[in-house]
Amino acid sequence: MANGDPMVRDIMVKDVYTVLPEAPALQAAQMMVRNGIRHLVVTERLGEVVGVVSQRGILKELSPWLGRGKARYGTPTDAPTFEVRAMMSEPPITTTANT
């Protein structure tokens, strides 16, 4: 790395939001909206990173059901229950903070 180039640790987000692979995609989407983010790190119960899920990935899968009958909180009532694992990118590409 050339002198003056930032290290990963200088630009990375340290406190990330995570979701389990078996979580409903709709729950992941709601978490993104609530926290103003577009990606979630997907982890197993013991914290092992197994993938990343994005707003775009969720919207791509749920788009056929958007705009149909809405429930009390504005969620599609007839959308299938997709799990995050069905739309996450895997394996995750990782690096170290000192890169």
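Before reading further, recall that the structure is shown in the block above.
We now turn to the structure provided with this report. (Residues numbered from 1 in each chain as written. Predicted model: local features only at pLDDT ≥ 70, side-chain atom pairs only at ≥ 80, totals over all residues. Heavy atoms only, no water.)

### Looking at the layout of surface pockets
Item 1. Its boundaries defined by the atoms lining it, the largest pocket holds a volume of some 610 Å³.
Item 2. What lines the largest pocket is a set of 21 residues, among which Met12, Val13, Val16, Val41 and Val52 lie closest to the centre.
Item 3. Broken down by secondary-structure element, the contributors of at least two residues to the lining of the largest pocket are strand S2 (39-43) and strand S3 (49-54).
Item 4. In terms of residue class, the lining of the largest pocket is built from 13 nonpolar, five polar and three charged. (1 Å grid on protein atoms, 1.4 Å probe; cavity = no way out; pocket = protein on both sides within 12 Å on 5 of 7 lines; lining within 4 Å. Points joined across faces, edges and corners; volume = space filled by probe spheres on them. Helix = DSSP H or I, 4+ residues; strand = E, 2+ residues; numbered from the N terminus. Nonpolar A, V, L, I, M, F, W, Y, C, P; charged D, E, K, R; others polar.)

### Observations concerning the sheet that holds strand S1 (residues 18-19)
Item 1. Reading across the sheet, the three strands line up as S1-S2-S3 and stay open at both edges, with mixed pairing between neighbours. One side of each edge strand has no neighbouring strand; the edge strands of this open sheet are S1 and S3.
Item 2. Sheet topology places S1 next to S2; two bridges connect them, and they run parallel. Pairing of Thr18 across the sheet is with Val41, part of S2.
Item 3. Of the strands in this sheet, S1, S2 and S3 touch helix H2 (residues 25-35), which is tilted by about 135° from S2. (Pairing = 2+ DSSP bridges. Contact = heavy atoms within 4.5 Å. Axes fitted to C-alpha atoms, helices over the stretch in contact; angles between N-to-C directions.)

### So, the side chain of Ser54
Item 1. Looking at where Ser54 falls in the secondary structure, it is placed in strand S3.
Item 2. Those residues in contact with Ser54 that sit more than four places away from it in its chain are Met32, Arg38 and His39.

### Comments concerning the environment of Leu40
Item 1. If you trace the backbone, Leu40 turns up in strand S2.
Item 2. Here Leu40 falls in the buried class, since its relative accessible area comes to 1%.
Item 3. Each C-alpha atom of the pair Leu40 and Val53 lies 5.4 Å from the other, and the pair is 13 residues apart in sequence.
Item 4. Setting aside residues no more than four positions away along its own chain, Leu40 makes contact with Tyr17, Val19, Ala28, Met31, Met32, Gly51, Val52 and Val53. (Buried < 20%, exposed > 50% of the residue type's maximum accessible area, 1.4 Å probe, protein only.)

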